[in-house]
Amino acid sequence: MQAERDGEHAGRAAGGGGAAAANGTPVTAGAPGTPVTSGAGGTVAAPEDEARRSRRFPSVTRDTARPEGSGRAVPGAVSTPARQWPMLSVLAATAAGLLATALGHPKIGCLAIGVALIAASVLRRVLPSVGMLAVRSRFTDMITYGLLGVAITLLALVIEPKPLLEIPFLESAVRFTVR
């Protein structure tokens with residue numbers, strides 16, 4: 001009994017592992033990638049094989065995963081601007097809104113920017129691949145674009161003078177904070 005413990009201890013010290021199979025027989029490891037055999041003649045899967053079959057993420061990553069939106073909106077044979085049409089259309093509408101704001105029409109400009117962001121949210125939901133319009137996960141992109149679009153659109157609707165939308169508590173809140 002003492003000799004078995006000494007042998008097991010020596011095996012661990014030498015890097016042998018000293019592991020035992022479920023039936024108590026010692027397990028010996030071969031070269032990396034080869035199956036591990038137990039003393040009873042059974043074969044236990046190699047750790048690399050187990051990692052390949054597992055659905056869990058590995059504890060150490062060796063490569064980067066492709067982002068969800070990294071695909072193209074149109075096949076690769078088409079020119080780059082045509083492949084990125086969702087992103088370019090949102091950018092064009094936003095640029096038009098910024099230009100309108102710079103030219104002295106802040107209501108129209110903010111409304112254009114807000115509608116562009118709401119359209120980005122809808123495009124992200126409807127299209128399977130939106131190119132560079134996809135930044136985060138689909139759900140996060142939809143919520144972010146949608147909330148920002150609604151907020152900017154509401155801002156455009158309550159801009160003075162002659163607001164298109166009157167929110168009763170907003171006027172008192174502004175007077176209270178600005179004084």
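Asker: So what exactly am I meant to see when it comes to the overall build of the protein here?
Answerer: Looking only at helices and strands, the protein has 7 helices and 3 strands in total. The helix and strand sequence of the protein, counted from the amino end, reads α-β-β-β-α-α-α-α-α-α. Taking all 179 residues of the protein together, 21% fall into the buried category. Considering only contacts within the protein whose residues lie at least 6 apart along the sequence, 40% involve residues at least 24 apart. Carbon together with sulfur atoms contributes 66% to the accessible area of the protein, which is approximately 13,100 Å² in total.

Asker: How should I be thinking about the pattern of salt bridges in this particular structure?
Answerer: If the charged atoms of two oppositely charged side chains come close together, the side chains can form a pair. The tally for this structure, following the rule as stated, stands at 2 salt bridges. The partner of Asp141 in a salt bridge is Arg136, and the shortest N-O contact between them spans 3.1 Å. Taking the relative accessible area as the measure of exposure, Arg136 reaches 37% and is therefore partly exposed. Sharing partners across several salt bridges, the network here consists of Arg124, Arg136 and Asp141.

Asker: Sorry, what's going on with the packing of helix 4 (residues 85-102) against helix 5 (residues 106-126) here?
Answerer: Each packed pair of helices is defined by two parameters, the angle between the axes and the distance between the axes. Relative orientation of the contacting elements helix 4 and helix 5 amounts to 165°, with a least axis distance of 6 Å. The orientation of helix 4 with respect to helix 5, classified from their angle, is roughly antiparallel. Seen along the crossing, helix 4 lies across helix 5 with a hand that is left-handed. Packed against helix 4, whose contacting residues are Trp85, Pro86, Ser89, Val90, Ala93, Thr94, Gly97, Leu98, Ala100 and Thr101, the element helix 5 presents Pro106, Ile108, Gly109, Cys110, Ala112, Ile113, Ala116, Ala120 and Leu123 at the interface. In terms of residue class, the contact of helix 4 with helix 5 is built from 14 nonpolar, 5 polar and no charged.

Asker: I would appreciate a short explanation of the environment of Arg83 in the present structure.
Answerer: Along the polypeptide, Arg83 turns up in helix 3 (residues 80-83). For Arg83, a relative accessible area of 13% corresponds to the buried category. Between the C-alpha atoms of Arg83 and Val130, which are 47 residues apart in sequence, the distance is 8.7 Å.

Asker: Explanation requested: the nonpolar core in the structure shown.
Answerer: Note on soluble globular proteins: their nonpolar side chains tend to be buried together. Counting residues in each nonpolar core, the largest one holds 10 residues, listed as Val90, Ile113, Leu117, Ala120, Leu123, Leu127, Val130, Leu133, Ala134 and Tyr145. Per-element tally for this core: the top contributor is helix 5, with 4 residues. Beyond its immediate stretch of four places on either side in the chain, Leu117 contacts Tyr145, Gly146, Leu148, Gly149 and Ile152.

Asker: Any chance you could explain the packing of helix 5 against helix 6 (residues 138-157) here in plain terms?
Answerer: At a closest axis distance of 7 Å, the pairing of helix 5 and helix 6 adopts a crossing angle of 160°. As summarised for this structure, helix 5 and helix 6 are arranged roughly antiparallel, according to the angle between their axes. Seen from above, helix 5 lies across helix 6 with left-handed handedness. Facing Lys107, Cys110, Leu111, Ile113, Gly114, Val115, Leu117, Ile118, Ala120, Ser121, Arg124 and Arg125 of helix 5, the residues of helix 6 in contact are Arg138, Asp141, Met142, Tyr145, Gly146, Leu148, Gly149, Val150, Ile152, Thr153, Ala156 and Leu157.

Asker: Before we go on, may I ask you to explain unusual backbone geometry in this structure?
Answerer: Backbone phi values are negative for most residues with the exception of glycine, while trans is the configuration of most peptide bonds. Non-glycine residue Lys162 carries a positive phi angle of around 50°. In this fold, Lys162 is placed in the loop between helix 6 and helix 7 (168-178). Using a relative accessible area of 71% as the deciding quantity, one classes Lys162 as exposed.

Asker: Before we go on, may I ask you to explain helix 5 in this structure?
Answerer: Working note: α-helix, 3.6 residues per turn, so residues spaced by three or four point in the same direction. Taking 1.5 Å per residue, 21 residues should reach 30 Å; helix 5 reaches 30 Å between its end C-alpha atoms and fits that length. Among the residues of helix 5, those classed as buried are Gly109, Cys110, Ile113, Gly114, Ala116, Leu117, Ala120, Ser121, Leu123 and Arg124.

Asker: For this particular structure, what's the right way to read the confidence of the model for the protein?
Answerer: Low pLDDT means the predicted atomic positions in that stretch should not be read closely. In this model, the protein carries a mean pLDDT of 74, and residues with pLDDT of at least 70 account for 55%. Here helix 1 (residues 2-13) is the element of the protein with the lowest mean pLDDT, 51, and helix 5 is the one with the highest, 95. For residues 10-18, every residue scores under 50 in pLDDT, and the model assigns this stretch 5 contacts once sequence neighbours within four places are set aside.

About the thresholds
Residues numbered from 1 in each chain as written. Predicted model: local features only at pLDDT ≥ 70, side-chain atom pairs only at ≥ 80, totals over all residues. Heavy atoms only, no water. Helix = DSSP H or I, 4+ residues; strand = E, 2+ residues; numbered from the N terminus. Buried < 20%, exposed > 50% of the residue type's maximum accessible area, 1.4 Å probe, protein only. Contact = heavy atoms within 4.5 Å. Areas by Shrake-Rupley, 256 points an atom, 1.4 Å probe, with all protein chains shown as cover. Salt bridge = Lys/Arg side-chain N within 4 Å of Asp/Glu carboxyl O. Axes fitted to C-alpha atoms, helices over the stretch in contact; angles between N-to-C directions. Parallel < 35°, antiparallel > 145°, perpendicular 65-115°, else oblique. Left-handed = near helix turned anticlockwise from the far one by under 90°. Nonpolar A, V, L, I, M, F, W, Y, C, P; charged D, E, K, R; others polar. Core = buried A, V, L, I, M, F, W, Y, C linked by side-chain atoms within 4.5 Å. Expected span 1.5 Å × (residues − 1). pLDDT = per-residue confidence, 0-100.

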